[in-house]
Amino acid sequence: MEESTEELREEWTLLLWTTVAVLVPVLITLWCSFQRPKRKVQLKDLFRKSKHGWHYTDLFNKPTYCCVCSQPILQGAFCDCCGICADEQCIQRADRILSCKEIMIQRPTDGRFYHQWVRGNVPLASYCAECKQQCGTQPKLCDYRCVWCQTTVHDDCLSSLNDDLCDLGEFRSVIIPPYYLYQVNKLRQRHPDEYSKLAAGCGSGWTPVLVLANTRSGNNMGEVLLGEFRTLLNPVQVFDLSELPPSKALQLCTLLPPGSVHVLVCGGDGTVGWVLDAIDTMKLKGQDQFIPLVTILPLGTGNDLANSLGWGAGYAGEIPVEQVLRNVLEAEVVKMDRWKVQVVSKGNYFRKPKVLSMNNYFSVGPDALMALNFHAHREKTPSFFSSRIINKLELDGEQVNLPSLEGIIVCNIGYWGGGCRLWEGMGDEPYPPTRVDDGLLEVVGVYGSFHCAQIQVKLANPVRLGQAHTVRLVLKSSRMPMQVDGEPWAQGPCTITITHKTQALMLYHSAEQTDDDDSSASECEEPSAEHIDTTSNTQETVTES
């Protein structure tokens, strides 16, 4: 009897401890899951009120140390402006005792600008400005970095550093110094001449770069680029287009010397068009003298405009942002035609016509069908393209005799369809040269979607219909897919007129060539600072690193 009682007691004890072993982790997990949203709300509120550009991460991608307690951390927050890092328990204290980059400060009375040091977490492969030895090699919070010029120095070398003056580093010619904005803010009368006088204190050849990034482009690459550019530049010149439209971001140009500003657009061709439309609005406001030069860092896929201007088909972090800025400084200025597309629907002549801006191309037919994803509709309606869809095509007022085509494509640039040179085709027959600044559009026809695919792999030539300053299309009664610069819609019977709108000032990056392209490229005109030969067989882009 006593033995059975003892066994029963042991069973209950085992059951009790088993229950505790199971419940305790569950309860801890539940408690943490309830506390996590609360902590996130508190951190979000702190980040919103802070002067730092805080970002929380669950795992740092390199050995990282808290700038407050000096302990190694796996998760926590970092500022993408000044680079300080903090454990979750130290974030509030770090926000209180550690200063960030000031976008606008008064210059000292001696007219000098001094380093602003941040301790620890220096970039990999950085070297001391004093002893020239590698920094950040010790497994602890050590060494210093200037948040403006990116100079690094050892703990022991800081006191013996000969010069504590900051010259803003390699990219001083593109950084807006914080003291410049302070001086502009103190001007009694804001006039372009006054800006030019203040710019003399920023050094010769000062061409500030504004970065406009679309965080919805390129698989979150825009978010990464925002942080990297805020680290290198003044945070005030880096804009997130998901939070601030380009029309407002570009107003910073009006506080800078006329003709000195470059704008780096990080996004797809649609983002570039958005920015160029905002620049057109500046012209309407009488701000022509402040119009910036536009360059592109292509994100995502497609990017035919960026490809035509030598910036490649897409950026995925293969070169550092420092090299991107160097490429911008070395780029040539070119003019690019922009066009107005006016669509007047049949029977609605008293309604306001649809007016769009075009930088790349306009198309109606199979090309636009793919953009609009009409595949299911086409399967249901096999006769969708069974007859001629274009009643009339006029180039500069002269009617063109059309074969039985399924689509028309009107191009302003050399690339189409994500990297295909449409006007060039297979390159086995002569064709008139094209440029992006010649005021001419290239008009081609396609027999169908299979013909489009053949052209893209250089197995067929397009039907070259001609070049013109003005293009006019009349469409019959069927409802057809159309697209302008990749933005598709379904359109009923209408008349489409494409006319020259304006020219945009862009930056062209000269690309290296491969051995395969050398022979073909030598036959074509080399791009100059005045124009681009969009028909030369240069490689899409190999960016120098």
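Nothing here was measured: the structure is a model prediction, and the numbers come from that model.

(A) A look at the nonpolar core. The biggest cluster of nonpolar side chains holds 99 residues, and the ones touching the most others in it are Tyr180, Phe229 and Met506. Counting residues per element, this core draws most heavily on helix α8 (residues 269-284), which supplies six residues. With residues up to four places along the chain from it excluded, the contact list for Phe229 reads Val211, Val238, Leu264, Cys266, Val321, Val324 and Leu325. Within the second largest apolar cluster, 29 residues are counted, among which are Phe362, Leu393, Leu441 and Val484.

(B) The arrangement of the pairing of strand β13 (residues 332-345) in detail. In the sheet, β13 pairs with strand β26 (residues 494-508) via 14 bridges, with the strands oriented antiparallel. Bridging from a neighbouring strand, Ser345 pairs with Cys494 of β26. Judged from the five bridges that link them, β13 and strand β14 (residues 354-358) form a sheet pairing that is antiparallel. Residue pairing across strands places Lys340 opposite Ser357, the latter belonging to β14.

(C) Region of the structure containing the packing of aromatic side chains. Inspection of the entire model under this criterion finds five aromatic pairs. On the numbers, 6.4 Å between centres and 65 degrees between planes, the contact of Phe60 with Phe78 is edge-to-face. Separated by 18 residues along the polypeptide, Phe60 in the loop between β1 (54-57) and β2 (64-65) and Phe78 in strand β4 (residues 76-79) bring together distant segments of the chain. Judged by its relative accessible area of 13%, Phe60 falls in the buried class. Judged by its relative accessible area of 29%, Phe78 is partly exposed. Measuring from centroid to centroid gives 5.5 Å for Phe113 and Tyr179, while their planes differ by 65 degrees, and the two rings are edge-to-face. With Phe113 in the loop between α2 (91-97) and β6 (117-119) and Tyr179 in helix α4 (residues 178-186), this residue pair connects regions lying 66 residues apart in the sequence. Tyr179 shares its class with Phe113; the two are buried. Grouping aromatic residues by their ring pairs yields a cluster made of Phe113, Trp148 and Tyr179. Sitting over the ring of Trp148, Lys101 keeps its end group 4.9 Å from the ring centre.

(D) Molecular detail of the packing of α4 against helix α5 (residues 192-199). Direction vectors running N to C along α4 and α5 enclose 150 degrees, while the axes themselves pass 10 Å from each other. For α4 against α5, the interelement crossing comes out right-handed. Along its contact with α4, which presents Tyr180, Gln183 and Val184, the element α5 presents Tyr195, Leu198 and Ala199. For the contact of α4 with α5, the residue count by class is five nonpolar, one polar and no charged.

(E) Summary view of a nonpolar patch on the surface. Nonpolar side chains collect at one region of the surface, where Leu16, Trp17, Val20, Val24 and Ile28 lie side by side and expose about 490 Å² of accessible area between them. Positionally, Trp17 belongs in helix α1 (residues 2-49). The exposure class assigned to Trp17 is exposed, which follows from its relative accessible area of 58%.

Conventions we followed
- Residues numbered from 1 in each chain as written.
- Predicted model: local features only at pLDDT ≥ 70, side-chain atom pairs only at ≥ 80, totals over all residues.
- Heavy atoms only, no water.
- Core = buried A, V, L, I, M, F, W, Y, C linked by side-chain atoms within 4.5 Å.
- Buried < 20%, exposed > 50% of the residue type's maximum accessible area, 1.4 Å probe, protein only.
- Helix = DSSP H or I, 4+ residues; strand = E, 2+ residues; numbered from the N terminus.
- Contact = heavy atoms within 4.5 Å.
- Pairing = 2+ DSSP bridges.
- Phe/Tyr/Trp six-rings, centres within 6.5 Å; stacked < 30°, edge-to-face > 60°.
- Lys NZ or Arg CZ within 6 Å of the ring centre and 35° of its normal.
- Axes fitted to C-alpha atoms, helices over the stretch in contact; angles between N-to-C directions.
- Left-handed = near helix turned anticlockwise from the far one by under 90°.
- Nonpolar A, V, L, I, M, F, W, Y, C, P; charged D, E, K, R; others polar.
- Patch = residues over 30% accessible without salt bridge, like charges linked within 9 Å, V, L, I, M, F, W, Y side chains within 5 Å.
- Areas by Shrake-Rupley, 256 points an atom, 1.4 Å probe, with all protein chains shown as cover.
- Salt bridge = Lys/Arg side-chain N within 4 Å of Asp/Glu carboxyl O.

None of this, on its own, says anything about what the molecule does.
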